[in-house]
Amino acid sequence: MIATDEIERRVEKADAEKSAKRTAAAREVGELAHRRAALAEELAEVERKLGAVLVAAVDVVSVDELAEFTDVPAAELTRWLTAGKPRARRGRPPGSRRTKPEAQPGASLALAPPESRPRPPAASMQPAIAQDERS
């Protein structure tokens, strides 16, 4: 039979090896994730600059010509161009909003009475159709 001290030593050795591997994996994942975030930010900045350059250049050179000259696909250039353009404002243009009619002093607004329309009978009041009466 193995001694208790020997069991503890073996467990500690196994835990130390596993802990070292876990630490190395966590360190590498952390470094790579940090590097990826920095590269993603750099890429986003390059794409913003590409968009701005394309917006400025579209007056003198077409996207198709740029694609031909640079061997960059026109679809990619168009994506960057679209991303570089300022976004359109949402909502109504200034001055297009309707103003509420102002009430004249002494004039009263008369509400029209609701129209009276015949209501269809409720579902529970409709006659049941016999099976042989259906066509």
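Note that this is a predicted model, so its numbers are computed, not measured.

S.K.: Quick question: what am I supposed to make of the overall build of the chain here?
M.R.: When helices and strands are counted, the chain shows three helices and zero strands. Seen in sequence order, the chain has helices and strands lined up from the N terminus as α-α-α. A burial count over the chain gives 7% of its 135 residues as buried. For the chain, the exposed surface amounts to about 13200 Å²; the carbon and sulfur share of it is 56%.

S.K.: Please explain helix H1 (residues 4-57) as it appears in this structure.
M.R.: Spacing of three or four residues puts side chains on the same side of an α-helix, whose turn is 3.6 residues. With 54 residues, H1 should cover 80 Å at 1.5 Å per step; its first-to-last C-alpha distance of 78 Å lies within 8% of that length. Check the buried side of H1 and you find it contacts helix H2 (63-70) and helix H3 (74-84).

S.K.: Can you help me understand the nonpolar core in this one?
M.R.: A general feature of soluble globular proteins is that nonpolar side chains tend to end up buried together. Among the nonpolar cores identified, the biggest contains nine residues, and these are Leu54, Ala57, Val61, Val63, Leu66, Ala67, Leu77, Trp80 and Leu81. Those elements giving two or more residues to this core turn out to be H1, H2 and H3. With near-sequence residues (within four places) excluded, Trp80 lies in contact with Glu47, Leu50, Gly51, Leu54 and Val72.

S.K.: Please clarify how a nonpolar patch on the surface should be interpreted in this entry.
M.R.: Together, Ile2, Ile7 and Val11 give the surface a local cluster of nonpolar side chains, amounting to about 230 Å² of exposed area. With respect to the helices and strands, Ile2 occurs in the segment before H1. For Ile2, a relative accessible area of 35% corresponds to the partly exposed category.

S.K.: What's the story with the pattern of salt bridges in this structure? I'm lost.
M.R.: One side chain can pair with another of opposite charge once the charged atoms of both are near each other. What the rule picks out here adds up to five salt bridges. A salt bridge links Glu6 to Arg10, with the shortest nitrogen-to-oxygen separation between them at 3.1 Å. Pair noted here: Glu6 and Arg10 are both in helix H1, with a separation of four residues, about one helical turn. Given the relative accessible area of 23%, Glu6 is considered partly exposed. Glu47 serves as the salt-bridge partner of Arg79, at 4.0 Å between the closest nitrogen and oxygen. Taken together, the residues Arg79 in helix H3 and Glu47 in helix H1 connect sequence positions 32 residues apart. Classification of Arg79 by relative accessible area gives partly exposed; the value is 45%. Linked by salt bridges that have partners in common, Glu6, Arg9 and Arg10 make up one network.

S.K.: How should the packing of H2 against H3 be read in this particular structure?
M.R.: Packed helix pairs are specified by the crossing angle of their axes together with the interaxial distance, meaning the distance between the axes. At a minimum axis separation of 9 Å, H2 and H3 run at an interaxial angle of 125°. Judged by the angle between their axes, H2 and H3 are oblique. Note on packing geometry: the crossing formed by H2 with H3 is right-handed. Facing Val63, Asp64, Leu66, Ala67 and Thr70 of H2, the residues of H3 in contact are Ala74, Leu77, Thr78 and Leu81. Per-class residue counts for the contact of H2 with H3 are six nonpolar, two polar and one charged.

Definitions and limits used
- Residues numbered from 1 in each chain as written.
- Predicted model: local features only at pLDDT ≥ 70, side-chain atom pairs only at ≥ 80, totals over all residues.
- Heavy atoms only, no water.
- Helix = DSSP H or I, 4+ residues; strand = E, 2+ residues; numbered from the N terminus.
- Buried < 20%, exposed > 50% of the residue type's maximum accessible area, 1.4 Å probe, protein only.
- Areas by Shrake-Rupley, 256 points an atom, 1.4 Å probe, with all protein chains shown as cover.
- Expected span 1.5 Å × (residues − 1).
- Contact = heavy atoms within 4.5 Å.
- Core = buried A, V, L, I, M, F, W, Y, C linked by side-chain atoms within 4.5 Å.
- Patch = residues over 30% accessible without salt bridge, like charges linked within 9 Å, V, L, I, M, F, W, Y side chains within 5 Å.
- Salt bridge = Lys/Arg side-chain N within 4 Å of Asp/Glu carboxyl O.
- Axes fitted to C-alpha atoms, helices over the stretch in contact; angles between N-to-C directions.
- Parallel < 35°, antiparallel > 145°, perpendicular 65-115°, else oblique.
- Left-handed = near helix turned anticlockwise from the far one by under 90°.
- Nonpolar A, V, L, I, M, F, W, Y, C, P; charged D, E, K, R; others polar.

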